[in-house]
Number of protein chains: 2
Amino acid sequence: MSSPQRRTTIKDVAELAGVGVATVSRVLSGGSASAETRERVLDAATKLDYRPSALGRNLRQQRSGGIALLVPDITDNFYARLADGVLSCARSYGEPVTIGVTGDDPEQEADLVGSLLEQSMDRVVAVPSGDGEMWAPALRAGLSVVFADRRVWRAPGQQRVLAEVPAVLADDRAGVRTAVEYLTGLGHRKIGFLARHGQSHRMQAFRDAVGDALDEELVVPARASRDSAYAAAAGLLQRRPDVTAVLTGDNMLGEAAVLAARELDVRIPRDLSLVMFDDVPWAELCAPPLTVVAQPAQDIGYRAAELVMRQGRRPRTVTLPTQLIVRGSCGPRR
Amino acid sequence: MSSPQRRTTIKDVAELAGVGVATVSRVLSGGSASAETRERVLDAATKLDYRPSALGRNLRQQRSGGIALLVPDITDNFYARLADGVLSCARSYGEPVTIGVTGDDPEQEADLVGSLLEQSMDRVVAVPSGDGEMWAPALRAGLSVVFADRRVWRAPGQQRVLAEVPAVLADDRAGVRTAVEYLTGLGHRKIGFLARHGQSHRMQAFRDAVGDALDEELVVPARASRDSAYAAAAGLLQRRPDVTAVLTGDNMLGEAAVLAARELDVRIPRDLSLVMFDDVPWAELCAPPLTVVAQPAQDIGYRAAELVMRQGRRPRTVTLPTQLIVRGSCGPRR
DNA sequence: TTGAAAGCGCTAACAT
DNA sequence: ATGTTAGCGCTTTCAA
């Protein structure tokens, strides 16, 4: 087994080209140089198969390149698509992406942000779980953050600094309203809503959409886990057999609703109409195929990454449209 | 807007503690120091909220910490779970994880590896797409690699160096055999197999399991995309209406098979029995619920990450068991 | 246009 | 046990 050979450095290139290291650096980063020098340097670099060390550059510039991405759960298809969008944008900039999963837990999120700081990463796309208490210091430490999918809860003292954070969001409000209107149009009056704690914005949109008819008991929150999703769904269905329609705030809650309904022998769409947020590939395979509010997950990620790269003057918040896709999981109230 | 304050460095800590920087470094990395000194340093570090800069350390040590992870497609639930396993192991070591998606394309994979080298990352968990031509040089460059889910195609000259690469795999061979035996037990004789180009090992296992009865036309390969999966499934079903059972090499091919069957009005399990590799959450929601060969995806990721961290003496290859989970997508031949 | 040199924050070799 | 110092590879003044 041969020992790994020493890395080629800028010094080697300078030597071979017969110029100073500064010149090599300039040429390679597109600075000015005479045509002849440029050619000599490029030649030498090619001949030695030189790849500049990110380590040296990073230390010098006091920042590591790359984008950090914080999501609650990478196995959730929605966040996976979002991540895919970030990756695809980052790739076009040639930037590596570091991923962290927060489990929707503010504490883990804080840890992760701490380690980003330790790495001197200064660009983050985050689906935030914590509140302003956590993000404000990070912002002050020079981190440039773009929120995706949701923004942070309003924290009393921090509004100003948090308002500065750009965000790329799906149009929750319109999505929820459309879904609720669709269901009421079918005659449904008792509509349940299953959502995560982190989806407070959707909950509020739901309350607003339902208006006077609101029954607070039908808005049920769940924690981030699959188990908690199932518990919430089964709980609602058992406690309130009078609900005739359910809207879920994400796909795992939708999955839970289907499972719980099956378990309790509640037939979809005969006994219960179901609309799920997020159009995952399996929605179509389900029996019956699920009616969904589609969100442009990959686009959200892409745009967020773009924003965090551009850093310059930019729009405060980007809202991307959702779309109701009617399949077979809803029927008239009976 | 206040300008981001200068980072606290080891020098600041040394000064406040009244010791040299080396002492600070030693104390913080668990070296020897008198109890009193240790306390003074720790105090100072706490007071200043000092976090050592990974940049400095990395440059000094000529390697950035962290684990790189290369997967074909992060939106595929299998790889997402695998990634989750890697992330979870990495977290226990406090190491960041950099993800790249290869799209199962050797060229993109080579690019990605190049950029890892540029970052001086030296630990990679990879689901390889390219062949030995690509990995051998990386290995020689000092990268320590662990393959997950599959290993690299045998490349003529490279066998020795590639044989050194540890791998964590699901027991494909047993999984395929069990599935095939289950289907033949139900009376099926014409069994189709849908697999990716990258899943050649499973194809071979399938050929071996079927034995004499093998009809090469029933083994159909697909490229990495969803479209290609669908085309392969629909193609097989149309070309060979005599197949009574299909095994798919991954979940996207399973999805494609369900969709294609529905489109062609082939009923599952009445007209066609289906077994899918990989137990994704939606397999149970499908109508009928899908019989699957479950793989410990998250475990594969976790173990691979562990191997790449431990670097020491290690087993060559870890094979993890699969499990046939019988649900409702298979029936007797009719 | 080009080169020399400083210095980013850290660790390890060496000296005390 | 602790301090001093060199140096990792790069970019960026500054001077020529």
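Located above this text is the structure these notes cover.
Residues numbered from 1 in each chain as written. Chains lettered and ligands numbered in written order. Predicted model: local features only at pLDDT ≥ 70, side-chain atom pairs only at ≥ 80, totals over all residues. Heavy atoms only, no water.

1. Describing the protein's contact with DNA strand C
Test applied: For each residue, the test is whether any non-hydrogen atom lies within 4 Å of the molecule or strand; if one does, the residue is near. A 3.5 Å cut-off defines polar contacts: any pair of N or O atoms within that distance qualifies, except that in protein one atom must be a possible hydrogen donor and the other a possible acceptor, and neighbouring residues in sequence count only when both atoms are side-chain atoms. Each helix is a run of H or I in the DSSP string that is no shorter than four residues. Each strand is a run of E no shorter than two, and both are numbered from the N terminus. The residue classification treats Ala, Val, Leu, Ile, Met, Phe, Trp, Tyr, Cys and Pro as nonpolar and Asp, Glu, Lys and Arg as charged. All others, Gly included, are polar.
Around DNA strand C lies a shell of 24 residues, among which A:Thr23, A:Thr37, B:Ile10, B:Tyr50 and B:Arg60 are the nearest. Sugar plus phosphate: this is where 69% of the atoms of DNA strand C within 4 Å of the protein reside. Separating a sugar or linking oxygen of DNA strand C from a side-chain N or O atom of A:Gln62 is a distance of 2.8 Å. Note that a phosphate oxygen of DNA strand C is positioned 2.4 Å from one of the side-chain N or O atoms of B:Tyr50. Among the elements of the structure, α2 (21–28) and α4 (54–61) of chain A together with α2 (21–28) and α4 (54–61) of chain B are those that each provide at least two residues to the surface near DNA strand C. If one sorts the elements of the surface near DNA strand C by residue count, α4(B) sits on top with four residues. The residue inventory of the surface near DNA strand C, partitioned by class, reads eight nonpolar, 12 polar and four charged.

2. Describing the sheet that holds strand β7 (residues 219–222) of chain A
All names here are of chain A. So the rule is basically this: Any two strands between which DSSP finds at least two bridges are classified as paired. Throughout, an axis means a line fitted to C-alpha atoms (over the contacting stretch in the case of helices), and angles, computed between N-to-C directions, take values from 0 to 180 degrees. Residue contacts are counted whenever heavy atoms from the two residues lie within 4.5 Å of one another.
Across the sheet, six strands lie side by side as β7-β6-β8-β9-β10-β12; this open sheet has mixed pairing. Each of the sheet's edge strands pairs with one partner strand only, and the pair in question is β7 and β12 (323–325). This sheet shows a mean twist of 20° between the axes of neighbouring strands, independent of strand direction. As paired strands, strand β6 (residues 191–196) and β7 are joined by four bridges and run parallel to one another. Bridging across to β7, Arg196 finds its partner in Ala222. Across the sheet, helix α9 (residues 172–185) is in contact with β6, β8 (245–248), β9 (273–277), β10 (291–294) and β12; its angle to β9 comes to roughly 170°. Against the sheet, helix α12 (residues 251–263) engages β6, β7, β8 and β9, with an angle of about 155° to β9.

3. Quick word on the interface of chain B and chain A
Often the size quoted for an interface is simply the accessible area lost on bringing the parts together. As a reminder of what qualifies: Accessible area that two parts lose when put together, with a 1.4 Å probe and added across both, is what the buried area reports. We define a salt bridge as a side-chain nitrogen of Lys or Arg found within 4 Å of a carboxyl oxygen belonging to Asp or Glu.
Facing the 51 residues of chain B at the interface are 51 residues of chain A. When chain B packs against chain A, the two sides together hide about 4,400 Å² of surface, and 58% of this comes from carbon and sulfur. Counting the surface chain B buries against chain A, the share from its top three residues, B:Leu55, B:Glu118 and B:Leu285, is 18%. Connecting chain B to chain A are two salt bridges. As a salt-bridge pair, B:Glu118 and A:Arg51 come within 2.6 Å of each other at their nearest N and O atoms. Run the count over chain B and chain A and you get 17 residue pairs in polar contact (both at pLDDT 80 or more). In the side of chain B that touches chain A, the residues fall into 23 nonpolar, 15 polar and 13 charged. Two elements, strand β2 (residues 97–101) of chain A and strand β2 (residues 97–101) of chain B, share three bridges in a ladder whose sense is antiparallel. Opposite A:Ile99, over in β2(B), you have B:Val97 as the bridge partner.

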